[in-house]
Amino acid sequence: MANHHWSEADDIAAFYVYRFGAEKLGQSVTDIAHSFGIKPGSFRMRIKNFQALDGKGGLENWASQSEEVYRRYGRADEEALRRLVVSSRRKAD
């Protein structure tokens, strides 16, 4: 995989996994990353950016897009975010 240009859908997927885990998507973090065309290590680092945005450690050099996703979807419920991730993943296939 070449360098990946992160879309908002990619950030939403990473944010979902940060908040709710990968289990409810029925895939591993690695498989979710691959389904979006992202290297698993990069996906895990993006998850850590959301951890930092949430004030719980993580990697503090986040993208402005990630911050916007955090603000926009921070109070969204699990089901609403899952629907966004699943629909985005289908478009990526």
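A. Structural detail: the packing of helix α1 (residues 8–20) against helix α4 (residues 64–73). In the contact formed by α1 and α4, the axes pass within 10 Å of each other and the chain directions differ by 60°. It follows that α1 is oblique to α4 by the angle criterion. Crossing hand, α1 versus α4: right-handed. Contacts from E8, D11, I12, F15 and R19 of α1 reach α4 at Q65, S66, V69, Y70, R72 and Y73. When its residues are assigned to classes, the contact of α1 with α4 shows five nonpolar, two polar and four charged.

B. Looking closely at the pattern of salt bridges. One pass over the structure, following the stated rule, counts seven salt bridges. Ionic pairing is found between D11 and R46, a salt bridge with its closest N-O pair at 2.6 Å. Here D11 is found in helix α1, whereas its partner R46 is found in helix α3 (residues 40–53), with 35 residues between them in sequence. Since its relative accessible area comes to 0%, D11 is described here as buried. For E78, the salt bridge is made with R82, and the minimal N-O distance between the two is 2.8 Å. One end of the pair, E78, and the other, R82, are both in helix α5 (residues 78–92), four residues apart, so they sit about a helical turn from each other. Taken together, the shared-partner salt bridges connect E8, E68, R71 and R72 into one network.

C. A look at the side chain of S88. Within the secondary structure, S88 sits in helix α5. For S88, a relative accessible area of 19% corresponds to the buried category. Among the polar contacts made by the side chain of S88, one reaches the main-chain carbonyl oxygen of L84 at a distance of 2.9 Å. Look past the residues within four positions of S88 in its chain and what remains in contact with it is A9 and F36.

D. Spatial organisation of α1. Between the first and last C-alpha of α1 there are 18 Å, a value that for 13 residues agrees with the 18 Å anticipated at 1.5 Å per step. Every buried residue of α1 is accounted for by D10, D11, I12, A13, A14, F15, Y16, V17 and Y18. Positive phi appears at G21, one or two residues downstream of α1, with a value of about 85°.

Definitions and limits used
Residues numbered from 1 in each chain as written. Predicted model: local features only at pLDDT ≥ 70, side-chain atom pairs only at ≥ 80, totals over all residues. Heavy atoms only, no water. Axes fitted to C-alpha atoms, helices over the stretch in contact; angles between N-to-C directions. Helix = DSSP H or I, 4+ residues; strand = E, 2+ residues; numbered from the N terminus. Parallel < 35°, antiparallel > 145°, perpendicular 65-115°, else oblique. Left-handed = near helix turned anticlockwise from the far one by under 90°. Contact = heavy atoms within 4.5 Å. Nonpolar A, V, L, I, M, F, W, Y, C, P; charged D, E, K, R; others polar. Salt bridge = Lys/Arg side-chain N within 4 Å of Asp/Glu carboxyl O. Buried < 20%, exposed > 50% of the residue type's maximum accessible area, 1.4 Å probe, protein only. Polar contact = N/O pair within 3.5 Å; in protein donor to acceptor, adjacent residues only side chain to side chain. Expected span 1.5 Å × (residues − 1).

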